[in-house]
Amino acid sequence: MKRTGLEVQSATVMALFLRELRTRFGEYRLGYVWAVLEPVFHIGLTLVLFGVLMSRVMPDISYPVFLINGVVPWLLFSSVATRSLNAIEANSGLFSYRPVKPIDTLIARSWVESLIFGQVYIVLTVLMWALGDPIRLDDLPLLIVSLLLLLLFSFGFGLVLMIVGDMSKEIAKVVTLALKPLYFVSGIMFSLHSIPEQYHPYILWNPVVHAIELARHAVFHQYDAQHVSLGYLAVSALVMLFVGLVLYRHREEAMLTT
Amino acid sequence: MIELHNLSKSYRTPKGRHHVFRDLNLVIPSGKSVGLIGHNGAGKSTLLRIMGGIDRPDSGRVITDKTISWPVALAGGFQGSMTGRENVKFVCRIYSRKENIARKLNFIEEFAEIGKYFDMPVKSYSSGMRSRLAFGLSMAFDFDYYLIDEVTAVGDAAFKAKSAALMAQKREQANFIMVSHSLGSLKQFCDVAVLLDRQGAHYFENIDEAIETYLSHEVDKKPA
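Residues numbered from 1 in each chain as written. Chains lettered and ligands numbered in written order. Predicted model: local features only at pLDDT ≥ 70, side-chain atom pairs only at ≥ 80, totals over all residues. Heavy atoms only, no water.

### Re the environment of A:Asp104
Residue and element names in this part refer to chain A.
Then comes step 1: Along the chain, the position of Asp-104 falls in helix 5 (residues 102-130).
Then comes step 2: Judged by its relative accessible area of 1%, Asp-104 falls in the buried class.
Then comes step 3: For the pair Asp-104 and Thr-12, spaced 92 residues apart in sequence, the C-alpha separation works out to 7.1 Å.
Then comes step 4: In this structure the side chain of Asp-104 is engaged in a polar contact, spanning 2.7 Å, whose partner is the side chain of Gln-9. (Helix = DSSP H or I, 4+ residues; strand = E, 2+ residues; numbered from the N terminus. Buried < 20%, exposed > 50% of the residue type's maximum accessible area, 1.4 Å probe, protein only. Polar contact = N/O pair within 3.5 Å; in protein donor to acceptor, adjacent residues only side chain to side chain.)

### Considerations on the sheet that holds strand 9 (residues 200-204) of chain B
Residue and element names in this part refer to chain B.
Then comes step 1: If you trace the six strands from one edge of the open sheet to the other, you get 5-6-7-3-8-9, paired in mixed fashion. Lying at the two open borders of the sheet, with one neighbouring strand each, are strand 5 (68-71) and strand 9. The mean inter-strand angle of the sheet, taken between neighbouring strand axes irrespective of direction, is 15°.
Then comes step 2: In this sheet, strand 7 (residues 175-179) lies alongside strand 3 (residues 34-38) in parallel orientation, the contact comprising three bridges. The residue of strand 7 that forms the bridge with Leu-36 is Val-179. (Pairing = 2+ DSSP bridges. Axes fitted to C-alpha atoms, helices over the stretch in contact; angles between N-to-C directions.)

### Examining the interface of chain B and chain A
Then comes step 1: Opposite the 30 residues of chain B that make contact, chain A presents 26 residues.
Then comes step 2: Between chain B and chain A the total buried area reaches about 2,500 Å² when both faces are included, carbon and sulfur atoms providing 51% of it.
Then comes step 3: Counting the contacts that link chain B with chain A gives three salt bridges.
Then comes step 4: Joining chain B to chain A, the criterion identifies seven residue pairs in polar contact (both at pLDDT 80 or more).
Then comes step 5: Mapped onto the side of chain B that touches chain A, the elements with two or more residues apiece are strand 1 (2-13), strand 5 and helix 2 (84-95) of chain B.
Then comes step 6: Top element by residues in the side of chain B that touches chain A is helix 2 of chain B. It accounts for seven residues.
Then comes step 7: Here the side of chain B that touches chain A is composed, by residue class, of 12 nonpolar, nine polar and nine charged. (Contact = heavy atoms within 4.5 Å. Buried area = accessible area lost by both parts, 1.4 Å probe. Salt bridge = Lys/Arg side-chain N within 4 Å of Asp/Glu carboxyl O. Nonpolar A, V, L, I, M, F, W, Y, C, P; charged D, E, K, R; others polar.)

### Details of the layout of surface pockets
A water-sized probe rolled over the atoms picks out the places where empty space is left.
Then comes step 1: Of the pockets and cavities examined, the largest pocket occupies roughly 1,200 Å³.
Then comes step 2: Around the largest pocket sit 35 residues that line it, and A:Lys2, B:Thr67, B:Ile68, B:Tyr95 and B:Phe143 are the ones nearest its centre.
Then comes step 3: When contributions to the lining of the largest pocket are tallied by element, the ones reaching two or more residues are helix 1 (5-25) of chain A together with helix 1 (44-51), strand 4 (59-63) and helix 3 (98-112) of chain B.
Then comes step 4: Among the residues making up the lining of the largest pocket, the classes are represented as 11 nonpolar, eight polar and 16 charged.
Then comes step 5: Domain assignment of the residues forming the lining of the largest pocket places at least three in each of domain 1 (1-67 + 144-224) and domain 2 (74-142) of chain B.
Then comes step 6: Quantified by volume, the second largest pocket comes out at close to 460 Å³.
Then comes step 7: Lining the second largest pocket we find 22 residues, and of these B:Ala42, B:Leu196, B:Asp197, B:Arg198 and B:Gln199 sit closest to its centre.
Then comes step 8: Of all the secondary structure elements, the ones that give two or more residues to the lining of the second largest pocket are strand 2 (16-28), strand 8 (192-197), strand 9 and helix 7 (207-221) of chain B. (1 Å grid on protein atoms, 1.4 Å probe; cavity = no way out; pocket = protein on both sides within 12 Å on 5 of 7 lines; lining within 4 Å. Points joined across faces, edges and corners; volume = space filled by probe spheres on them. Domains from an automatic or database assignment.)

### Some details on the packing of aromatic side chains
Then comes step 1: Inspection of every chain in the model, using the stated rule, returns 24 aromatic pairs over all chains.
Then comes step 2: Where A:Phe17 meets A:Trp111, the ring centres are 3.7 Å apart and the plane angle is 15°; that geometry is what we call stacked. Here A:Phe17 is found in helix 1, whereas its partner A:Trp111 is found in helix 5, with 94 residues between them in sequence.
Then comes step 3: Looking at A:Trp111, the relative accessible area reads 34%, which means it is partly exposed.
Then comes step 4: Note on B:Tyr95 and B:Phe143: the rings are 5.8 Å apart at their centroids and 85° apart in plane angle, and the pair reads as edge-to-face. Separated by 48 residues along the polypeptide, B:Tyr95 in helix 2 and B:Phe143 in the loop between helix 4 (127-139) and strand 6 (145-149) bring together distant segments of the chain.
Then comes step 5: By relative accessible area, B:Tyr95 is classed as buried at 16%.
Then comes step 6: Judged by relative accessible area, which is 9%, B:Phe143 ranks as buried. (Phe/Tyr/Trp six-rings, centres within 6.5 Å; stacked < 30°, edge-to-face > 60°.)

### Brief notes about the domain arrangement of chain B
Bring the parts together and some accessible area is lost; that lost area is often taken as the interface size.
Residues and elements named next belong to chain B.
Then comes step 1: Splitting chain B by domain gives domain 1 (1-67 + 144-224) and domain 2 (74-142).
Then comes step 2: Domain 1 and domain 2 are separated by 26 Å when their C-alpha centres are compared.
Then comes step 3: Residue-level contacts link 14 residues of domain 1 with 13 residues of domain 2.
Then comes step 4: Interface area, domain 1 with domain 2, both sides summed: about 1,000 Å², of which 67% is carbon and sulfur.
Then comes step 5: Looking only at domain 1, the three residues that lose the most surface to domain 2 are Phe-159, Lys-162 and Leu-166, adding up to 41% of its buried area.

### Observations concerning helix 1 of chain B
Then comes step 1: With six of eight residues buried, helix 1 of chain B is to be regarded as a mostly interior element.
Then comes step 2: Backbone geometry just after helix 1 of chain B places B:Gly53 at a positive phi near 75°.

### Some points on the pattern of salt bridges
Then comes step 1: This model, assessed by the stated rule, comprises 15 salt bridges over all chains.
Then comes step 2: In this structure, A:Glu7 and B:Arg97 form a salt bridge, with 3.8 Å as the shortest nitrogen-oxygen distance. Placement of A:Glu7 in helix 1 and of B:Arg97 in the loop between helix 2 and helix 3 is noted, with the two residues assigned to different chains.
Then comes step 3: By relative accessible area, A:Glu7 is classed as partly exposed at 35%.
Then comes step 4: Each of A:Arg24, A:Arg83 and A:Glu113 takes part in one network of salt bridges that share partners.

Have a look at this one:
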């Protein structure tokens, strides 16, 4: 009996997901643990540097929580984006297997990244709690919705990058370079209300800022989120996803043409 | 049945576009195995891959409702750091239902006869072991059509005999789309043929006729 298209696709995504985990982390002794430990070390170091040594404090929110809710969403966004850029090239050997479509490789990769950074988020939060930091989850649904919307946005953006990266190597390079400065204007190290209001428009076009500020507001309700909007984040995510899917429909054949 | 409708394929080269074929129209009738014949660079492999849905034409369509394999004994999809078992399991997950995977893995392990290497990284394999694994993988699935691009038997006499027997057995239930420089194996496995030359593609209802035409052209081209 023939399997339905959906069955074939979900089996393919699952196979790619397991393969991705295996090839990225299977060779290390600690295996998958490394996937989580790596970003935890990265963020831990930043925390020590800024939180302890420079003893920065934030009004209304504990500094580690502020930083975790900035860095982790950003890393999710930027790793989905950068991994999309070379998704075609890295998986080119697999397109000889007909059921494997470019979008499947992207779904699998985004899934791996979400899993990693979801765990990183939990590990860091628990760690901070164990170290005596006041951890709260004032609005868990808002936190989950914000992060899921960010994931959708990243996936849509990733689709666009995959297509663009496949068309031109040069553009891929430029995008990688452009992502770096974006780090500094995405509200990861600073809080939106430390910025004078007249400069807000230069920052608020970026949906990542909205996701990050909303996440902070979700864990600490006193942390003010009046300038960001869930609606804007949702619309950006849906528009980006739509644009990505439309482009993909047009370019899928071309991506599979040698 | 496989229907090729107005197929064109070209590549960009530094010297301008190179057209492999233009507006190719063909119908491969059901139950016929087809051999693709032509000189090196005539576009046999490209046509094979397009018919199999792996590569895409510039324009035109391939219309079929049959299942078509990946190129038999293809090892390009193997990931060196993964073991043989993991690599073939990946393909099994894509092509078969969950409940059949274990049976297929058993078949491949037994067929490939690479012993403990089956659970070692593929990068530690010799090229012969890779081909054995890849060939076993292809034979573990039932397709309507198998894409066979220059598959040469590897291994010792016993293994070659085993492979040949399995190919012949597959040929009874399925059809081949085949590229080979061995005219003997084309004759053995194929019914019809497509001859590719500079004028384009010609369909022959009889493989022998195609081979004769091909050989006579060959003679014509030799300097007197």
